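One letter stands for each residue in the lines below.
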Amino acid sequence: MKIEKHIIIYGKVQGVGYRYWLKSFSVKYGIFGWVKNNIGGEVEAILIGEEEVVLNLIEQCYMGPPKSNVEKIIVTTSDDNYNLHSFEIISDN
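Residues numbered from 1 in each chain as written. Predicted model: local features only at pLDDT ≥ 70, side-chain atom pairs only at ≥ 80, totals over all residues. Heavy atoms only, no water.

Looking at this model, I keep getting lost on the environment of Ile-9. Mind explaining?
Position of Ile-9 among the secondary structure elements: in strand β1 (residues 2–12). Considered as a pair, Ile-9 and Cys-61 are 52 residues apart in the sequence and their alpha carbons are 8.0 Å apart. Setting aside its immediate chain neighbours within four residues, Ile-9 contacts Tyr-18, Glu-42, Val-43, Val-70, Lys-72 and Ile-73. (Helix = DSSP H or I, 4+ residues; strand = E, 2+ residues; numbered from the N terminus. Contact = heavy atoms within 4.5 Å.)

See the structure below:
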């Protein structure tokens, strides 16, 4: 069953390649969505895919890339019904 999760990742997650790390895992496992840096220092993402795969990826997000230090992740179910067929990094403004 496909699910859609909205996550916000807190800690040392900007300037360490977190968005690129998340995109590489998402593409590898067939997850669609997007990831971006937030102005407050968090990384935010939408993950869309098979339930088991998405939940496993969220668990991996606690480790992140080598230079990151994840303090917490807030996970909510998204009801935006994104119709995405790729995974994108949304650039900083």
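It is not clear to me how the pairing of strand β3 (residues 43–50) should be interpreted in this structure. Could you clarify?
Moving residue by residue along a regular strand, the side chains alternate between the two faces of the sheet. In terms of burial, β3 is a largely internal element, 7 of the 8 residues being buried. Here 8 bridges tie β1 to β3, and the two strands are oriented antiparallel to one another. The residue bridging Ile-3 from the neighbouring strand is Gly-49, located in β3. Of the strand pairs in this sheet, strand β2 (residues 32–37) and β3 are connected by 6 bridges, and their pairing is antiparallel. From the neighbouring strand, Lys-36 faces β3, where its bridge partner is Glu-44. Taking the residues between adjacent antiparallel strands as the criterion, β2 and β3 are bridged by 5 residues, where Gly-41 takes a positive phi near 100°. (Buried < 20%, exposed > 50% of the residue type's maximum accessible area, 1.4 Å probe, protein only. Pairing = 2+ DSSP bridges.)

Please explain the sheet that holds strand β4 (residues 69–77) as it appears in this structure.
Two orientations exist for strands paired in a sheet by backbone hydrogen bonds: parallel and antiparallel. The sheet built from 5 strands is open, its strands ordered β4-β1-β3-β2-β5 with mixed pairing. The open sheet has two edge strands, β4 and β5 (87–90), and neither has a second partner. Strand after strand, the sheet turns through a mean of 20° between neighbouring axes, direction not considered. Along the sheet, helix α1 (residues 18–28) makes contact with β1, β2, β3, β4 and β5, crossing β5 at roughly 170°. Contacting β1, β3 and β4, helix α2 (residues 51–61) runs over the sheet at an angle of about 150° to β3. (Axes fitted to C-alpha atoms, helices over the stretch in contact; angles between N-to-C directions.)

Quick question: what am I supposed to make of the packing of α1 against α2 here?
Each pair of packed helices can be summarised by the angle the axes make with each other and by the distance between the axes. Closest axis-to-axis distance for the α1/α2 pair is 11 Å, and the angle between their directions is 155°. With respect to their mutual orientation, α1 and α2 come out roughly antiparallel. Seen along the crossing, α1 lies across α2 with a hand that is right-handed. Two secondary-structure elements touch here, α1 through Tyr-18, Trp-21, Leu-22, Phe-25 and Ser-26 and α2 through Leu-57, Gln-60 and Cys-61. (Parallel < 35°, antiparallel > 145°, perpendicular 65-115°, else oblique. Left-handed = near helix turned anticlockwise from the far one by under 90°.)

Would you mind going over α1 with me for this structure?
Two residues of an α-helix separated by three or four positions point the same way, owing to the 3.6 residues in each turn. Tyr-18, Arg-19, Trp-21, Leu-22 and Ser-26 are the residues of α1 that are buried. Summarising the axial view, the buried residues of α1 lie within an arc of 160°, below the 170-degree limit, and thus occupy one face. α1 presents Tyr-20, Val-27 and Lys-28 as exposed residues on the side facing more than 90 degrees away from its buried surface. Those residues of α1 that are buried are in contact with β1, β2, β3, α2, β4 and β5. The first or second residue beyond α1 is Gly-30, which carries a positive phi of 75°. (Arc of directions from axis to C-beta.)

None of this, on its own, says anything about what the molecule does.
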